[in-house]
Every structure is written in structure tokens, then in C-alpha cells.
Amino acid sequence: AQAQLFSDPQLSRLHLYCSWKMVTSVTSVFFLSLAIFLPSGTSASAANPIRRVVTMLQDMQTKVTEEGEKEQALFDKFMCYCKTAGGDLEASIKAGKAKIVSLEELLKTGKAEMEQLEADLKEHEASRVEAKEAMAAATALREKEAAAFAKFSADSKTNLAALAKAIPAIESGMAGAFLQTAEASNLKRFAMEKADVSDETRQEVLAFLSGKEEYAPQSGQIVGILKQMDDEMAAALKEAEDAEAEAIKTYEALMAAKQKEVEALNAQIEEKLTRKGELGVELAGGLNELEDTKISLAEDEKFLAELEAGCATKEEEWAAVCKMRQEELVALAETIKILNDDDALELFKKTLPSAASLLQVAESTQSLRKRALLAIKEAAKKGSSPQLDLIALALNGKTAGFEKVIKMIDEMVANLKQEQSDDEAKKDYCDKELDTSEDTKKELDLKVSDSATAIEELEGSIATLTEEIAALQAGIKALDKAVTEATAIRKEENADFKELMQSDTAAKEILGMAKNRLNKFYNPKLYKPPPVEEPTFVQISAHASKRVAPPPPPETFGPYTKKTEANNGVIAMVDLLVKDLDKEMQEAEVMETDAQKEYEEMMAESATKRADDSKAVSDKTAMKASEEEALIAEQGTKAATEKELMATLELIHSLHGECDWLLKYFDARAEARAGEIDALGKAKAVLSGADYSLLQTARRASLRGFGKN
């Protein structure tokens, strides 16, 4: 991490500085050697070599100082970056930690709310089931009670009808004819099975109804018993009718209350389910955001640690660079001081070799130098080499002894062998690293391709889930709309039903009033007078006080003949109309019951479907959130792999830049280096005295030729 962090222009500049130092050092040694080995008297107008060396050293001082100032500015900018970036990272880390605490608290609250919603839903659904079961039980009980009442009412009315015929027949002396009718049989059966009378009375009634000859009770006594039975049966029927009406009222009130309870529970369940789905989406989003925040926080903390370590390392490196630069400046200043000293200058004038001194060299030495120089030049023709040039310069200088030159040759041979060994090691390293990098590149290419395929599949899955969620939500909206419309239609139908029942009831009442009014005239026995208030004592007294004797009646018309037959037709028509109304009301009640039942079934099915769809939306939303999280992770993996692949490509590029030249010219360099080593060996052999045969035959010619060179 530190290597990547500090692979910047500053590090490159430091490498360039070190390389320049090495070059300048070698150059300084070269020119210093040149100044030392050159003859002092070769040209009268040539510059003083010591002054040239001092000038070069002063230039080096200037360059080192300028580079120090530039690098100081770069170091200051880098440290400013460390402080600024560190502050920003610390602020980001602090905000990330606070956000994580807030998100965890929100998720904790959301989970608690989700658990409460699930508990409430369970409780509401159980309450709704209980309410519907109570409605079903109440309906079953009501139907059972209604059936019992209907049977009791029918039996009572049959018996009352029989009594209504029996009492007038007995009173009119037609008991024998009555005993032959079906009503007498029904009455006998009632007296045997259900009449609430004493056994003695029951025996008397049964004896009378059986027509036994030995029984001859008083007709008044039988009539009294039958009237008593009639009164008791009428009272029992009235009580049963009142009880039935009260039971119906209670049942309707219970059903209305339970229906309201079911509707309220449906609304609560719907609200809870909606909130549950929304909360599920919020929780999924919160979890994703919490995970992203944790990852971002970890990256910020890691980068801050690397930044702090890198900045500290950079400070240490800067201190080392400053120390080295100061030491170099001190060394340059002291060297300039030494070379500029007057005594040193005088000493240089005395010690520097002159052109004349070269002629004092022994003939054998000159010959050996020439032969060795010839071997060096032959080797140099195959390829330029600074080492060979330096040895040739030493041989041309004629001041260095053979021991020094031989030592230089040994050192150069050792250096050449070391360079060959380094090239071989470098070649092995390059081959190995290039093979490894190419294999890594292939693996990373495969990983990137796999990640791209996985991302494409995840994106397709997310798109499918999004479409399915949208379709479910649209279905829920359509279902809600259908429920609303069905509710409105049901209310309208119920209002029409109630209006019809009220209208038909009112019509029946009017027809009943009309029939009763006709009966008052044509059939007074069937007339039912309206209830009248009992007159008070004061009113009676007032009427009595105003009563006077009427005058004699005037002459009038004859007796009136009633239109009885026409009246019977009208009453029959009224009864037919009443039956039609009853039939219409009965049909309306059946249709209302069926419509209400169908509406309740539709509401139940709609609630179940909506709950299932809402749950499906919640599940698919959670699945979508999971797929999106996997997509983000896969995208991160792909980005990291691509980053690693880019780094591998850069490594391969750098390896090619570092190794291609070496691999291309390895054999040529090895061959050239072997030639140099061979030439140096021959030169060393010559200087070591391996062959002196030419010294005696061409002594003067060699000296003359060497002097010309």
C-alpha cells in the first residue's frame, strides 16, 4: 500500500537525483583523472585543469541547492495534503460512526414495530374469525328458533281456528255436526297432546270430542273450557310472537354490531398490511444503507491509517534526504576549499607531469603500454565501453604504473562478470514475472467475464421483480377499486330494498285500512275498530248534562240493500293485492339476503387476495432488495477485479519496458562482454610480461611512433 501511495513524481525525482549523483560522481572522477593524466604542457592557452574542476564543483553546489529548494516546496505541499486529507477523513469517519448508530437505532425500532404489526395482525385476524363464527352461530340459532316458532305458530293458529268453529257450533246446538269435521280431530289431538289443562278437564273435553253417548255434560261447561283453552292459546301465541319479534330484533342488532366489527377489523388489517409492506421496504433499504456505511467507514479508517503511516514514512525519508544533501554540500564545500588553497595550487604545478617527462620512460615500458593499448583499442572497436576508454586513458597518460592498470583491469573484469551474472539473474526474473503476470491476466479476464455475466443476470432478475411488484400493486389498486364499487352498489341495493319494503308495507297498511273499512259496513264481525280513549268522568258528566229528548223522526226512505256481492269481489281483489305485495316483499328479502351473502363472500375473498398480494409484494420487495445488494457486491467485486487487472496490465507493461531490451540484446551483450573480458585478459598478460620479443627489434621505431600518438 505504501509503495502505491508514494509512487509519485517526488519518488521518481529522488531516483533521478540519485542517478544524477552517480553520473556526476563518475564524470567528476573521469575529468579529475583526465586533468591529472593530461600533460601540463600540451597547450599554452589551455585552461587550468584545477580551475575547471573547481568550477564543476561549484556548479554542483548550485544544482544541489536549487533541487533542495524545489523538493522542499514539493514536500511542503505533500504535508499540507496529509493534514487536509487526514482532517477530511476524520470528519468522514466521525459522521459515518454517528450514521451507523442512528441507522442501527432506526432498524431496532423498525423491527420492534414489525413485530408489533405482526402481533396486531394475528390478533385482528383472530378477532375477525371469532366475529364471523359468532355471526354464523347466531344465524344458526336464529334459524332454529324461527323454525320452532313457525311450527308453534302454525299449530296454534290451526287450533285457534278449530276452537273458533267449535265454540259457536256448541253454543248454537250443532255440536254433532262439528264433531264430524277435521277441526274437531285437530282439536282432539291438541287436547290429548299439548293442552295445558288438568287431567279431569282433558278427559271431559276428549269425551265430548269423541262423541261418547254416556257423556252428557252441560254445553255451557264445555264452552267455558274451550274458551279458556282459546284464551290460553291466544295468550301463548301472543307471547311467542312477542318473543320472536324480540329475538329478531336482538339478532339484527347483534348482526349489525358484528358486521361493523368485521368491517372495522378488515380496515385495521388492511392498514396494518400496508404499513407492514412499507416497513419491510424501509427495513431492507436501511440494512443496505447500514452495510454501505460500514464498508465506507472501514475504507476511510484503512485509508487514514495508510495515510498516517505514509506521511510519517515520507517525513523520515525527507529527513534522510535533507541529511544526505547537507552532507553532500559540506563535502563539496570542503573539496573546493582544499583545491583552492594556494599551497595546493603550487603543489599541483610541481607534481603535474609534463610532455618531456614521457620520454624518460624506459623503452620496454613504452612498448608494453603500446601493445596493451592496441589490445584495448581492438576490443573497443567491437563496442564502446567506458571501462575500456578509462583504461586506454590511463595507458595514454604514461604516469600510472602497471600495477595500478592491472588492478583496474582486474576490477573491470570482475565488474563485467558481475554484470553478466546480474543480466542472467535479471533475465530469469523477467521470464518468470512475465509468465506469472500473463497467467494472472488470464485469470482476471475470466473473473471479469464471470462478474459481467452475474451482473447481467442480477439486473434481469431485478427488472423482473420490479415488473412483478408493479403488477401486484396495480392488482391491489384494481381490487380496492372493485371493492369500493361493490360496496357502493351494495349500499344502493340495500337502500332500494329498504325503500321497497317501506313502500310495500305502507301499501299493505292502506289496503288493510280499506278492507277494514269495507268490513265495517259489509261484514261488521270482521271489522277491527281502532283503539279509542276511555272517556273521563268529566266528559261523561258533560254529555249527560247536554242530553235532551229527540224530536220525532221525519218520514224517510225504505230499507237499504247492501252491495254484499260487489263488496266480496273488492275484498278478494284487495286480498290478492296484499298477497302480491307479500310475495314481492318475500322475493325482495331473499334477493337482499343473497346479495348480502355474495357481498360478504366477495369482501372475504378480496381481503384474502389483498393480504396474499400484499405479502407477495413484501416478499418480492425483500427479494429485490437482496438482489440489489448482491448486484452492488458483484459490481464492487468486478470493479476490484478490473482494478487488479489494470494493475496487472501496468505491471506487464512495466516488465516489458524493463525487460524487453535486456531479453532482445542479452546474447549480444554477453558476447560483447566476453570479448571485453578476453581483451582485458590479453592486455593484462602483456602488462604482466607475457611477451617482450618486439622490444629489441623495434625499440626506436616504437618510441617514435608512440611519441606521435
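Keep in mind it's a predicted model, so treat the numbers as computed, not measured.

Quick one: what's the story with the overall build of the protein chain, residue by residue and with numbers?
When its secondary structure is counted, the protein chain shows 14 helices and 0 strands. The linear arrangement of helices and strands in the protein chain, starting from the amino end, is α-α-α-α-α-α-α-α-α-α-α-α-α-α. Out of the 709 residues belonging to the protein chain, those deemed buried represent 28%. Of all intrachain contacts in the protein chain linking residues separated by at least 6 positions in sequence, the fraction that spans at least 24 positions is 87%. By element, 58% of the accessible surface of the protein chain is carried by carbon and sulfur atoms, the whole surface being about 45,900 Å².

Before we move on, could you go through the packing of aromatic side chains and cite the residues and values that matter?
By convention here, two paired aromatic rings are described through the distance between centres and the angle between planes. A complete count under the given rule lists 3 aromatic pairs for this structure. An angle of 45° between the planes, with centres 6.1 Å apart, marks the rings of Phe78 and Tyr81 as tilted. You can see Phe78 and its partner Tyr81 sitting in helix α3 (residues 49–171), 3 residues apart, about one turn around the helix. Centre to centre, the rings of Trp661 and Tyr665 are 5.5 Å apart; their planes meet at 45°, and the pair counts as tilted. Linking Trp661 with Tyr665, this pair stays in helix α13 (residues 564–687), spanning 4 residues, or about one helical turn. The residue whose ring lies beneath Lys314 is Phe78, and the NZ or CZ to ring-centre distance is 5.9 Å. Lying across the ring of Phe666, Lys427 places its NZ or CZ 5.7 Å from the centre.

Residues and numbers for a nonpolar patch on the surface, please.
There is a patch of nonpolar side chains on the surface, built from Met573, Leu576 and Leu577 and spanning about 280 Å² of accessible area. In this structure, Leu576 sits in helix α13.

Provide a residue-level description of a negative patch on the surface, including the pertinent values.
A surface patch of like charges, here negative, comprises Glu263, Asp594, Glu598, Glu600, Glu601 and Glu605. Top element by residues in the negative patch is α13. It accounts for 5 residues. What makes Glu605 exposed here is its relative accessible area of 56%.

Mind laying out the environment of Leu265, listing which residues take part and the relevant values?
Looking at the element boundaries, Leu265 is found in helix α7 (residues 219–340). Of the residues examined, Leu265 reaches a relative accessible area of 8% and is grouped as buried. It is 9.4 Å that separates the C-alpha atoms of Leu265 and Leu121, two residues lying 144 residues apart in sequence. Contacts of Leu265, omitting those with residues within four sequence positions, involve His124, Ser127 and Arg128.

Mind laying out the environment of Glu634, listing which residues take part and the relevant values?
Along the chain, Glu634 turns up in helix α13. Distance from Glu634 to Ala452, taken between C-alpha atoms, is 8.6 Å for residues 182 residues apart in sequence. Not counting chain neighbours up to four residues away, the residues in contact with Glu634 comprise Ser451, Ala454, Ile455 and Leu458.

Account for the pattern of salt bridges, naming residues and giving values.
Evaluated as defined, the whole model comprises 24 salt bridges. With its nearest N and O atoms 3.1 Å apart, the salt bridge here joins Glu289 to Lys99. Here Glu289, found in helix α7, pairs with Lys99, found in helix α3; they are 190 residues apart in sequence, far enough to count as distant. Taking the shortest distance from any N to any O, the salt bridge between Asp445 and Lys441 comes out at 3.2 Å.

An account of the state of the cysteines is needed here, citing residue identities and associated values.
For the structure shown, the criterion picks out 2 disulfides. Across the disulfide, Cys82 is cross-linked to Cys311 (sulfur-sulfur distance 1.9 Å). With the S-S bond torsion at -95°, the cross-link from Cys82 to Cys311 turns out left-handed. Taken as a pair, Cys82 in helix α3 and Cys311 in helix α7 lie far apart in primary sequence, 229 residues in all. Here the two residues Cys82 and Cys311 agree in accessibility, since each one is buried. One disulfide in the model links Cys430 with Cys659; its S-S distance is 1.9 Å. Residues Cys430 and Cys659 share a disulfide whose torsion about the S-S bond is about -70°; that sign makes it left-handed. One end of the pair, Cys430, is in helix α11 (residues 402–522); the other, Cys659, is in helix α13, with 229 residues separating them in the sequence. Side by side, Cys430 and Cys659 carry an identical accessibility label, which is buried.

Let's hear about the nonpolar core: which residues, and what values?
Ranked by size, the top nonpolar core spans 21 residues in total, and within it Phe78, Cys82, Leu279, Leu283, Leu290, Leu307 and Cys311 carry the most contacts. Listed by contribution, the elements that provide at least two residues to this core are α3 and α7. Counting residues per element, this core draws most heavily on α3, at 12 residues. Within the second largest apolar cluster, 11 residues are counted, among which are Leu160, Leu163, Ala166 and Met233.

Which residues make up the confidence of the model for the protein chain, and what values do they have?
This prediction gives the protein chain a mean pLDDT of 75; 69% of its residues lie at or above 70. Low confidence marks residues 1–47, where pLDDT is under 50. Its contacts with residues over four positions away, or in another chain, come to 51 contacts. With pLDDT under 50 throughout, residues 352–363 is counted as low confidence; its partners more than four residues away or in other chains account for 18 contacts.

How would you summarise the side chain of Thr621 if you had to cite specific residues and measurements?
Mapping Thr621 onto the fold places it in helix α13. In this structure the side chain of Thr621 is engaged in a polar contact, spanning 2.5 Å, whose partner is the backbone oxygen of Val617. Discounting chain neighbours no more than four positions away, the residues touching Thr621 are Val281 and Ile469.

Tell me about the side chain of His124, and please be specific about residues and values.
Relative to the elements of secondary structure, His124 occurs in helix α3. When residues no more than four places from it in sequence are discounted, the contact partners of His124 are Leu265, Gln268, Ile269 and Lys272.

Outline the environment of Leu107, listing residues and values.
Of note, Leu107 is situated in helix α3. Distance from Leu107 to Leu290, taken between C-alpha atoms, is 9.3 Å for residues 183 residues apart in sequence. In this structure Leu107 touches Leu283, Gly286, Leu287 and Leu290, once residues within four positions along its chain are discounted.

Conventions and cut-offs
- Residues numbered from 1 in each chain as written.
- Predicted model: local features only at pLDDT ≥ 70, side-chain atom pairs only at ≥ 80, totals over all residues.
- Heavy atoms only, no water.
- Helix = DSSP H or I, 4+ residues; strand = E, 2+ residues; numbered from the N terminus.
- Buried < 20%, exposed > 50% of the residue type's maximum accessible area, 1.4 Å probe, protein only.
- Contact = heavy atoms within 4.5 Å.
- Areas by Shrake-Rupley, 256 points an atom, 1.4 Å probe, with all protein chains shown as cover.
- Phe/Tyr/Trp six-rings, centres within 6.5 Å; stacked < 30°, edge-to-face > 60°.
- Lys NZ or Arg CZ within 6 Å of the ring centre and 35° of its normal.
- Patch = residues over 30% accessible without salt bridge, like charges linked within 9 Å, V, L, I, M, F, W, Y side chains within 5 Å.
- Salt bridge = Lys/Arg side-chain N within 4 Å of Asp/Glu carboxyl O.
- Lys, Arg positive; Asp, Glu negative; His and termini not counted.
- Charge placed at Lys NZ, Arg CZ, Asp CG, Glu CD.
- Disulfide = S-S within 2.5 Å.
- Core = buried A, V, L, I, M, F, W, Y, C linked by side-chain atoms within 4.5 Å.
- pLDDT = per-residue confidence, 0-100.
- Polar contact = N/O pair within 3.5 Å; in protein donor to acceptor, adjacent residues only side chain to side chain.

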